[in-house]
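Given next are the chains, with one letter for each unit.
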Amino acid sequence: MSTEKLNEGQSVRVERDQDPPGVSIDSIDGVNILPEEVVRTRKRFWLVLNIIGLFFTLICLARVPYAGSYMDSYAFEFIFGNVKYAIYLLLIILFIFKIFHIKAIKLFRTKRFLLGYMLLTIGFILTLAIVQKYLLPHTNNVDLHSYINNFINWANARESQTYQAFFPNVWPQSNTALDAGVIGTSLVVAWQYVAAFLLGLVALLLILIAILIFINRTDSKGVTLVRRWLIHLLGGNLYDNTYDELSGEKNDVEPIIHHSVQIKQEANKLGQITPPISFLTDTSIDHYYDNKSQAQKVQQTISKFIKKLGIDSAYQNTVIMPQYAEISFDVPSQKDIDEILKSQAELLNLLKVDRFNISFKGNLVKFEIPNKLISKISIRQILNSIQNFHPHEAIAGLTYDNTPLVVNVDKHPNIIIIGRRGSGAAMLLTVLLITLAYANKPSELEYVLISPLGDKSLKYLDNLPQMQSFITDQVDECIMKLHQMLAIIEDRENKFKEIGAKTLAEHNNYQSNAAAKLKMIVLTISTFDYLLKNSLQNVEILQTILKRGPSVGVKTILLAINVNNESIEPKIYDQTSARFILRLESEHESLKIFDSYRGIQLNGNGDGYYFDEVDNKKIRFQSCYLNVNELAETVKVIKTFYETKEQLNH
């Protein structure tokens, strides 16, 4: 756990490693905790039971002594046949995990385990084959071969009698696979048909994928869908892929696909300046009432728990956010708060969660409990809730009090986003860029996107009509683009000086010729910390862009995986007035930015803090959710709409 001093008090993160010794929660009502001696007796009982189970499984696997041979033949081989070795492996792993309280036991509850289990089984069988081939023939002290041969003769005789009782017509006259066991045989026979079907299906999919790739010459949407389906089949989701945060989850709402004709019809309307909001799909998922109901139960549980500790607390309020619920209590004294902190492990078990945060300031104690169901916020949801949306405002998400969070790039020309991979930082960056592109026509807005590490999450933005330059993977080209941006700023400064303009708006108002008007440029650098690493020259160039760019209409959005590189601070970080901090990589980094551990206590997936240096605000927020399907449809709407508008103007 981690504790730190903050402006709003202190915060403690409670995480589950394993059940604390002597603690077992059997009832929430009244917080009934079993006596310590009873708990120890139960644990000893289950430990002994698991050890006995492991012992008998091992003697069955080794077929020693006679009892092990008998059980192996009748309890395993007759039922499972050769499949029994896979069953043995599963049982051994389960028993070992139970005995040593290994947390990875949760893997057995997911489909994803099947793949890993198959790999373990193959490795196990290969190990046995190697031992039998190279080790057993050289074992002179123990005559294992004689023992095995004698047992095989005995087992075959008993097996023949057993199969005759169940299958008198097929054993031993016909040479069938029934000696592989009842279940094993069924699997073998079924697998012949299943394998033929799967091979045909795989061949068909490969042909379709090849056609899709050949037609598109790029990473096709069809290929992405196949990849998503395969990962979902194994129990995972592409959102866990730290290199592509936009890939999506199983429960995502699919976007409405609009035909190009519909989009062009709207673009032909004179009063329609930007694409209609109706063209955006409301892909939000609202679990507010379910989470509120859960929070009420949690609140009652915490109240009973605090009461059992002899503390006279008063419930204050509950705030429901998409990923967590914050439940506040008023506690009489610091001594009572210390008593609650001492019992946090018991509370962790009582709430049946893996982690939660406790923060406290004065007598106010706040419990931050993760929601079982995570709500999602869509761009359309935010746009519908904003009455007067300014074109230079970029949408971020919802704030702590469920109000829209937008950032005006005129007021905050330099924005920084910091978050580890998988924190939602790349998704937040995409949301900011897509909302600006949605509200600004290409003749007024220009994007320059630099990504030295080639982030996959950003590749979908390349088709935006506002995208003037998109550079990935090539570090030298990225650095060259920084020099070009510096030259553009210097050129604009000279133009502004000639007419006495101080802002981009003043310059464009002065120009009577539309061709002489300048666009607002949004320079976006993803993983800029990598670009500046060990390069003071690059730091100086970017620092100059941040200082001089805003006055001539060059805005900058920076994304960093971490800020542990000391050369970046304070030259770059302090030049930004709007800062989005999502889940961070390390305690050192969190202390550096927050002067606390708040950064590593965040939930990830878009949960973060927004720092407004102009208005001196710090706001907890949840970023909008966006997946690749929604992004692809939104980009198509923006591109078709503005291209049609441009054709009409010409």
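All values reported here derive from a predicted model rather than from experimental measurement.

Visitor: Before we move on, can you summarise the overall build of the protein chain with the specific residues and values?
Guide: Summing up its helical and strand segments, the protein chain has 20 helices and 18 strands in all. Expressed as a percentage of its 650 residues, the buried residues of the protein chain come to 46%. Within the protein chain, residue pairs in contact and separated by at least 24 positions form 68% of the contacts whose partners lie at least 6 positions apart. With the model as given, the accessible surface of the protein chain reaches about 33,700 Å², and the carbon-plus-sulfur share is 57%.

Visitor: Account for the packing of aromatic side chains, naming residues and giving values.
Guide: Taken as a whole and judged by the stated rule, the model has 9 aromatic pairs. Ring centres of Y288 and Y289 lie 5.3 Å apart, and the angle between their planes is 85°; this geometry places the pair in the edge-to-face category. The structure contains a cluster of three or more aromatic residues connected by ring pairs, namely Y315, F329 and F367. Directly above the ring of Y573 sits R579, whose terminal nitrogen or CZ lies 4.1 Å from the centroid. Here K618 stacks its cationic end above the ring of Y609, 5.8 Å away from the centre of that ring.

Visitor: Tell me about a nonpolar patch on the surface, residues and numbers included.
Guide: There is a patch of nonpolar side chains on the surface, built from V48, I52, F55 and F56 and spanning about 370 Å² of accessible area. Along the chain, V48 falls in helix α1 (residues 36-62).

Visitor: So, the sheet that holds strand β18 (residues 617-623): which residues are in play, and what are the values?
Guide: One open sheet holds the 10 strands; their spatial order is β10-β9-β18-β17-β16-β11-β15-β14-β12-β13, and the pairing between them is mixed. The open sheet is flanked by β10 (404-408) and β13 (467-472), the only strands paired with a single partner. Averaged over all neighbouring strand pairs, the angle between strand axes comes to 25°, with direction disregarded. By the bridge criterion, 3 bridges tie strand β9 (residues 393-399) to β18 in an arrangement that is antiparallel. Each residue of the ladder has a partner; that of G397, found in β18, is S623. Strands in contact with helix α17 (residues 536-548) are β11 (414-418), β14 (520-526) and β15 (554-560); relative to β15, the strand with the most contacts, it is inclined by about 135°.

Visitor: Give a detailed account of the packing of helix α8 (residues 260-267) against helix α20 (residues 628-649), specifying residues and quantitative values.
Guide: For the pair α8 and α20, the least separation of the axes is 9 Å and the interaxial angle reads 45°. In terms of orientation, α8 lies oblique with respect to α20. Crossing geometry of α8 relative to α20 is assigned as right-handed. Between α8 and α20, the residues in contact are S260, I263, K264, E266 and A267 and K636, V637, T640, F641, T644, K645 and L648, respectively. Taken together, the residues that form the contact of α8 with α20 break down as 5 nonpolar, 3 polar and 4 charged.

Visitor: Break down the nonpolar core for me, with residues and values.
Guide: The biggest cluster of nonpolar side chains holds 99 residues, and the ones touching the most others in it are I417 and F580. Sort the elements by how many residues they give to this core and helix α13 (residues 425-439) lands first, with 11 residues. If we skip the residues at most four places from it in the chain, I417 touches A425, L428, L429, L432, I557, L558, L559, A560, F580 and L582. Counting 24 residues, the second largest nonpolar core, distinct from the first, contains F329, L347, V353 and V365.

Visitor: Please provide a residue-by-residue account of the confidence of the model for the protein chain, values included.
Guide: Taken over all residues, the pLDDT of the protein chain has a mean of 77, while the share at 70 or more is 71%. For residues 1-7, every residue scores under 50 in pLDDT, and the model assigns this stretch 28 contacts once sequence neighbours within four places are set aside. Ignoring residues within four places in sequence, the model shows residues 18-34, a span with pLDDT below 50, making 37 contacts including any to other chains.

Visitor: Tell me about the pattern of salt bridges, and name the residues and values.
Guide: A full pass over the atoms with the stated rule returns 17 salt bridges. K411 is the salt-bridge partner of D615, the closest N and O atoms lying 2.7 Å from each other. Linking D615 in the loop between β17 (607-612) and β18 with K411 in the loop between β10 and β11, this pair joins segments that are 204 residues apart in sequence. The salt bridge involving D574 is made with R579; its shortest N-O contact spans 3.9 Å. Owing to a relative accessible area of 9%, R579 belongs among the buried residues under this scheme. By sharing partners, the salt bridges in this structure join E249, D252 and K376 into a single network.

Visitor: Could you give me a rundown of the side chain of S451, with the residues and numbers involved?
Guide: Inspection of the secondary structure puts S451 in strand β12 (residues 445-451). When residues no more than four places from it in sequence are discounted, the contact partners of S451 are L458, I471, T472, D473, C478 and S526.

Visitor: Tell me what's going on with unusual backbone geometry, and back it up with residues and numbers.
Guide: The general pattern is negative phi for most residues beyond glycine and trans for most peptide bonds. A positive phi is found at N402, a non-glycine position, where the angle reads about 60°. Structurally, N402 can be placed in the loop between β9 and β10. For N402, a relative accessible area of 39% translates into the label partly exposed. Positive phi, close to 55°, is recorded for N616, a residue that is not glycine. Residue classification places N616 among the exposed residues on the basis of a relative accessible area of 70%.

Visitor: I'd like a description of the pairing of strand β16 (residues 578-581), backed by residues and values.
Guide: Residues in a regular strand project their side chains so that they alternate between the two faces of the sheet. Here β16 shows no split at all, with A578 and F580 on one side and R579 and I581 on the other all buried. The sheet contact formed by β11 and β16 spans 4 bridges and is parallel. Bridge assignment links I415 to a residue of β16, and that residue is A578.

Visitor: Give a detailed account of the environment of R579, specifying residues and quantitative values.
Guide: For R579, the location among the structural elements is in strand β16. Separated by 164 residues in sequence, R579 and I415 place their C-alpha atoms 5.9 Å apart. When sequence neighbours within four positions are dropped, the list of residues in contact with R579 reads I416, Y573, D574, Y609, Y610, F611 and E613. Polar side-chain contacts of R579 include one of 3.2 Å to the side chain of T576.

Visitor: How would you explain helix α9 (residues 288-308) if you had to name every residue and give the values?
Guide: Its 21 residues place the ends of α9 30 Å apart at the C-alpha level, agreeing with the 30 Å of an ideal helix rising 1.5 Å per residue. Looking only at α9, the buried set comprises N291, Q294, A295, V298, Q299, T301, I302, F305 and I306. Buried residues belonging to α9 abut β5 (314-320), β6 (324-330), α10 (334-342), α11 (344-351) and β8 (364-370).

Visitor: If you had to explain helix α14 (residues 475-499) to someone new, which residues and values would you point to?
Guide: If you check α14, its first and last C-alpha atoms are 37 Å apart, about what 25 residues at 1.5 Å a residue would give, namely 36 Å. Listed in full, the buried residues belonging to α14 are C478, I479, K481, L482, M485, L486, I489, R492 and F496. Positive backbone phi, at 75°, marks G500, one or two positions downstream of α14.

Visitor: Got a sec to walk through the side chain of R579? Specific residues and values, please.
Guide: From its side chain, R579 meets the backbone oxygen of Y573 in a polar contact 3.1 Å long. Here E613 takes part through its side chain, which lies 3.4 Å from a polar atom of the side chain of R579.

Visitor: Which residues make up the environment of I337, and what values do they have?
Guide: Position of I337 among the secondary structure elements: in helix α10. Judged by relative accessible area, I337 falls into the buried class, the value being 1%. Sequence spacing of I337 and L364 is 27 residues, and the spatial spacing of their C-alpha atoms is 9.2 Å. Sequence-distant contacts of I337, that is, excluding residues within four places in its chain, are made with V331, F360, G362 and V365.

Parameters and conventions
- Residues numbered from 1 in each chain as written.
- Predicted model: local features only at pLDDT ≥ 70, side-chain atom pairs only at ≥ 80, totals over all residues.
- Heavy atoms only, no water.
- Helix = DSSP H or I, 4+ residues; strand = E, 2+ residues; numbered from the N terminus.
- Buried < 20%, exposed > 50% of the residue type's maximum accessible area, 1.4 Å probe, protein only.
- Contact = heavy atoms within 4.5 Å.
- Areas by Shrake-Rupley, 256 points an atom, 1.4 Å probe, with all protein chains shown as cover.
- Phe/Tyr/Trp six-rings, centres within 6.5 Å; stacked < 30°, edge-to-face > 60°.
- Lys NZ or Arg CZ within 6 Å of the ring centre and 35° of its normal.
- Patch = residues over 30% accessible without salt bridge, like charges linked within 9 Å, V, L, I, M, F, W, Y side chains within 5 Å.
- Salt bridge = Lys/Arg side-chain N within 4 Å of Asp/Glu carboxyl O.
- Pairing = 2+ DSSP bridges.
- Axes fitted to C-alpha atoms, helices over the stretch in contact; angles between N-to-C directions.
- Parallel < 35°, antiparallel > 145°, perpendicular 65-115°, else oblique.
- Left-handed = near helix turned anticlockwise from the far one by under 90°.
- Nonpolar A, V, L, I, M, F, W, Y, C, P; charged D, E, K, R; others polar.
- Core = buried A, V, L, I, M, F, W, Y, C linked by side-chain atoms within 4.5 Å.
- pLDDT = per-residue confidence, 0-100.
- Polar contact = N/O pair within 3.5 Å; in protein donor to acceptor, adjacent residues only side chain to side chain.
- Expected span 1.5 Å × (residues − 1).

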